[in-house]
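# Examining the three-dimensional arrangement
Here's the letter readout for the chains.
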Amino acid sequence: MERFVALPDPGEAGSLDDLVTRLRSLKVWAGDPSYETIKIRVNAAWSAAGRPASELTIRSTVANCFRPGRRRLNNELVLAVVEALHPDAGYVAQWRQALRVVAGESEAFAQVRVEDKLPPDLAEFTGRLGELAELRRAAAAGRAVVISAIEGMAGVGKTQLAVHAGHQLAHEFDRVLFVNLRGFHPDPAQPPADPAAVLDGFLRRLGVPGHQIPHGLDARSTAYRARLAGVRALVVLDNAATAEQVRPLLPGTPGSLALVTSRRSLTDLGAARLTVDVFTPAEAVAFLTGAVPDVPAGPSPDAPARIAARCGYLPLALTLIAGHIRNTPGWTLTDHADRLDERHHSLRLDTGVELALTLSYRHLPAGHQRILRLLALHPGQDFEVYAAAALAGVEVETARSWLNQLRSDHLLQPAGTGRYTFHDLVRAYATTRAHDEDRPSERRAALTRLFDHYLATSATAVDIQFPANAHWRPQIPPPGTAAPDLTGPDAAVTWLDDERHTLIAVAAHTATAGWPGHTTRLARILSHYLEGGYYPDALAVHGHAYDAARAAGDLDGQAYALRDLGYVRVHIGPLETATANFRQAHDLFRQTGNRAGQARARHNLGIVADRTGRYPEAIDHTRAALALYRAAGDRTGEASVLLSLGILLRREGHYPEAIGHLEDSLALARADGNRRGEAYALNGLGEIEVQAGLYESAQDHLQQSMTLLGQLANRNAEASVLDSLGALVHRMGEPERATAYYRRALVIFRESEDHVSEAWVLNGLGEAAPAAEALVHHTAALELAAEIGVRDAQARAQAGLGRAHHELGDLARAQKHYQEALTLYIELGGPEADEVRAALRRISPEAA
């Protein structure tokens, strides 16, 4: 077949949809083979590589790789498809790099903080009377959508004008929303915010539960506008990059107002446009004299006007100069005007901001200058005093004093309680100063202190939360700098939650900038915390750790990262990728002689085999892991494996033996003070007792588990107990209570993107619902389980669909679904096959 399509370049892709588009083009380039043909080629290659038949792919999973609108891609399968279509090693390597880049950019793209209140107003705000009047007219116009796009160069005061106007107008609105869209962040690792991620945040601020937030930009924008129907909303969209970024975020409801700030014109928005220029000379003088009312003019009455002119009438420059003036007691405004004239002539500084920054910076004491320069190197969006002290290598109180002074001088901005951030222009200036004034070795030493601080404080916080697993994490020596006190109630988990976005940024930076050991150790330290429901973040951190370890030739580091990536994939899918990760991790641990690592990898392989219904294989892996843990004297690992073994034996209907293993697991956990293991064992016991009809003891064990997990702040594990409680009360004849438990669990699993558990809970909802509603829940469970390859959830969904159709009188469809369920349950070897066979017999004895 002649090829008329050029070989697509994956390196040009900027998003997952772009990659899918190029994959579809590659399929056409390769002669447009069928999905079945591609599946056969992929499976042939995998079989030749030694992959067992149970881990081969199916046609529908291959077809899903070509479907646009995906939230994630199965990278391993995509690369296998690429190789099947064009078996060139160099070309496949291009795709591997493109997948890594797009995933990394998507991760930063999707991280954004939204607020349901405005930032603090600037006390010394002055002038802008014409602009404020125009904004008031726009707010009063009452059109379906009232937009004022504020545009202008950096430092002209766009954000402060929008915030000040917002504070003046806020009383006229029912709701306020604010977001910094990061349109022009100086750090390329902080790209403009994804409007879909912003809408996710807006919808949550507007009270929409996580499980009700739709996927996809258009669907979220529609839900957002529906939520604002009948509500007068003030929406401030700060620092926008493009009209495309802004358009989905406009409220679109009568009486609402959107204030959009940008350095660009955004003419495509069709909005009322307000171009913000520098202050007029009179406004600039009023602003300056209002900011320093106690400083005399001196012999030159035109000194304020001269200063304003040297600042180019730019608000940011005037703000910085005012801070400088307040710090030079005894000087008149004439003295400052003369000094600015000298600086301008001697330094040939052409812009007011550069002049103001240089003057403000030069006047700072040496310690303040140094900490400002070093803070600009921080990879996160904001920071607190302990991080600043670590960077500068000074005492916390010294750092606090310096930060507050820099804030007073407007060289830093507040970013929440006890946190600070930079204006983009100030960060860029300070970064340049750092590269000019601090030797590379000094900059590296400062960043090493910072990363040591995050490493040690993370280790302390996680050890407080998960003490029984401390021996699984690397031992971190105390840092040479001060650290916050995390011993108070909830202090450790609060610190982890507050710093989570910063820790992700640190993992990304250290992986590529020469600190690979920090990346791999940080990832291992954070693994248990991130496994509590932060699965997208866990993928990012462990992905960085794997890349860092691979680049450094660290086999153990690669193995730990692969194991942690696999564990995340157990929850969000696809399970084929999880299995591959665990197998690679096991092989690497075996190469390095790491028996504890081998034990965890074998245990995890058993978990995946269980999820995919390969129970005999799962039991083999789990028994092997148990022997390894016992040989190593690892009681925490032993308790965890006994729990898994009990669950596996329950699946095969061996309830007494299963309960015995779980009781052993519970006893070990309690003896060692392993509260997490104790909570998991109690939940496991409760699950088995529900199926065995021991409802009273089941309820007692499940309530104990829920109480423990509430203390541990592990929401995903709490959701698992809610699922078990739903099953319990449904068995006890209370479907309404069961539905309430299931819905609470579903919210948590969807928020954490735990798709495997989501499919399981959807089936529970179907079983507790009337027949017509059950069809919806079981169909959703079946589609999700088929996509991620969870066969027992597929079988349960098919059985539920058969039961619902049977109750509705559609016997033909009921028989079809029952037969599908029976086939799956027979392959799985589970006792549920007898129940389905009995249901089939009631419809058609021959079919049964």
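Residues numbered from 1 in each chain as written. Predicted model: local features only at pLDDT ≥ 70, side-chain atom pairs only at ≥ 80, totals over all residues. Heavy atoms only, no water.

Here we take up the sheet that holds strand S8 (residues 413-414). Spatial strand order, S7-S9-S8: three strands in an open sheet with antiparallel pairing. A strand with exactly one partner marks an edge of an open sheet, and here the two such strands are strand S7 (383-384) and S8. Pairing of S8 with strand S9 (residues 419-421) involves two bridges; the strand directions are antiparallel. By the bridge assignment for S9, glutamine 413 is matched with threonine 421. Its contacts with the sheet place helix H18 (residues 396-408) against S7, S8 and S9, and it is angled at close to 50° to S9. (Pairing = 2+ DSSP bridges. Helix = DSSP H or I, 4+ residues; strand = E, 2+ residues; numbered from the N terminus. Contact = heavy atoms within 4.5 Å. Axes fitted to C-alpha atoms, helices over the stretch in contact; angles between N-to-C directions.)

Taken as a whole and judged by the stated rule, the model has 36 salt bridges. Between aspartate 537 and arginine 500 there is a salt bridge; the shortest N-O distance is 2.5 Å. In this pair, aspartate 537 is assigned in helix H23 (residues 535-552) and arginine 500 in helix H21 (residues 491-513), connecting sequence segments 37 residues apart. Exposure remark for arginine 500: the relative accessible area of 17% places this residue in the buried category. Arginine 791 serves as the salt-bridge partner of glutamate 827, at 2.3 Å between the closest nitrogen and oxygen. Taken as a pair, glutamate 827 in helix H37 (residues 811-828) and arginine 791 in helix H36 (residues 791-807) lie far apart in primary sequence, 36 residues in all. (Salt bridge = Lys/Arg side-chain N within 4 Å of Asp/Glu carboxyl O. Buried < 20%, exposed > 50% of the residue type's maximum accessible area, 1.4 Å probe, protein only.)

To continue, consider the packing of H37 against helix H38 (residues 832-843). Look at H37 against H38: their axes get within 9 Å of each other, and the N-to-C directions meet at 155°. Judged by the inter-axis angle, H37 sits roughly antiparallel to H38. Classified by chirality, the crossing of H38 by H37 is left-handed. Residues Leu811, Ala814, Gln815, Tyr818, Gln819, Ala821, Leu822, Tyr825 and Ile826 of H37 touch H38, and the partners they reach there are Glu832, Ala833, Val836, Arg837, Ala839, Leu840 and Ile843. (Parallel < 35°, antiparallel > 145°, perpendicular 65-115°, else oblique. Left-handed = near helix turned anticlockwise from the far one by under 90°.)

This paragraph deals with the side chain of glutamine 794. When you line up the elements, glutamine 794 lands in helix H36. Not counting residues up to four positions away in its chain, the partners in contact with glutamine 794 are Leu782, Ala785, Ala786, Gly789 and Leu824.

Positive phi values are uncommon outside glycine, yet aspartate 32 reaches one of about 55°. Relative to the helices and strands, aspartate 32 is located in the loop between helix H1 (16-29) and helix H2 (35-48). Judged by relative accessible area, aspartate 32 falls into the partly exposed class, the value being 43%. Of note in the backbone geometry, asparagine 239 takes a positive phi value of approximately 60° without being a glycine. Take asparagine 239: it is sitting in strand S4 (residues 233-240).

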